[in-house]
Amino acid sequence: MCLATVIRKKDGSTILKNVSRIDVEGETLRIRDVMGDEKEVQGTIRMVDLANSIVELECVE
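Let me sum up the structure you'll find in this document. Given the structure is predicted, the values throughout are model-derived calculations rather than measurements. (Residues numbered from 1 in each chain as written. Predicted model: local features only at pLDDT ≥ 70, side-chain atom pairs only at ≥ 80, totals over all residues. Heavy atoms only, no water.)

## A few points about the overall build of the protein
- Scanning the protein from N- to C-terminus turns up zero helices and five strands.
- Along the protein, from the amino end to the carboxyl end, the secondary structure elements read β-β-β-β-β.
- A globule of 61 residues ought to have a C-alpha radius of gyration of about 10 Å, and the protein, at 10 Å, matches this closely.
- Principal-axis analysis of the C-alpha atoms gives the protein an extent of 30 × 20 × 15 Å.
- A total of 61 residues make up the protein; the buried ones form 28% of that total.
- Sequence-distant contacts, at least 24 apart, represent 26% of the contacts inside the protein between residues at least 6 apart.
- Entry remark: accessible area of the protein is about 4,100 Å², with carbon and sulfur atoms responsible for 46%.
- The distance from the centre of the 9 positive side-chain charges to the centre of the 12 negative ones in the protein is 2 Å. (Helix = DSSP H or I, 4+ residues; strand = E, 2+ residues; numbered from the N terminus. Rg over C-alpha atoms; globule rule 2.2 N^0.38 Å. Buried < 20%, exposed > 50% of the residue type's maximum accessible area, 1.4 Å probe, protein only. Contact = heavy atoms within 4.5 Å. Areas by Shrake-Rupley, 256 points an atom, 1.4 Å probe, with all protein chains shown as cover. Lys, Arg positive; Asp, Glu negative; His and termini not counted. Charge placed at Lys NZ, Arg CZ, Asp CG, Glu CD.)

## Quick look at the environment of Asp49
- With respect to the helices and strands, Asp49 occurs in strand β4 (residues 38–49).
- C-alpha of Asp49 to C-alpha of Ser13: the two residues are 36 residues apart in sequence and 16 Å apart in space.
- A distance of 2.9 Å separates the side chain of Asp49 from the side chain of Asn52, its partner in a polar contact. (Polar contact = N/O pair within 3.5 Å; in protein donor to acceptor, adjacent residues only side chain to side chain.)

## Some details on the pattern of salt bridges
- Tallied over the entire structure, the rule returns six salt bridges.
- Across the pair Arg30 and Glu25 runs a salt bridge, and its minimum N-O distance is 3.2 Å.
- You can call Glu25 partly exposed: its relative accessible area is 46%.
- A salt bridge links Glu38 to Arg32; the shortest N-O distance between them is 3.0 Å.
- The class of Glu38 is partly exposed, set by a relative accessible area of 42%.
- By relative accessible area, which is 28% here, Arg32 ends up partly exposed.
- Connected via shared salt-bridge partners are Glu25, Arg30, Arg32, Glu38 and Glu40. (Salt bridge = Lys/Arg side-chain N within 4 Å of Asp/Glu carboxyl O.)

## Here we look at the nonpolar core
- Core analysis: the largest hydrophobic core is formed by 11 residues, namely Ala4, Val6, Ile15, Leu16, Val19, Leu29, Ile31, Val41, Val55, Leu57 and Cys59.
- Only β1 (4–8), β2 (14–25), β3 (28–33) and β5 (54–59) provide two or more residues apiece to this core.
- Apart from residues no more than four positions distant in its own chain, Cys59 is found in contact with Arg8, Ile15, Val41, Gln42 and Gly43. (Core = buried A, V, L, I, M, F, W, Y, C linked by side-chain atoms within 4.5 Å.)

So far we have only geometry, and geometry alone does not tell us how the molecule works.
Next comes the structure, spelled out in structure tokens:
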């Protein structure tokens, strides 16, 4: 299983670890971890690094 860490591009802070799913609905990103916890973030995906399991988001503040 490949899990990712989702971070903010602006400051590199972690939004959620062990992410198994990201649903995109316009500028709303619903991020779910392996335990089923969810966070909603307004923004866009800027980069996905599959080798290092990192997803970088540009968040609307």
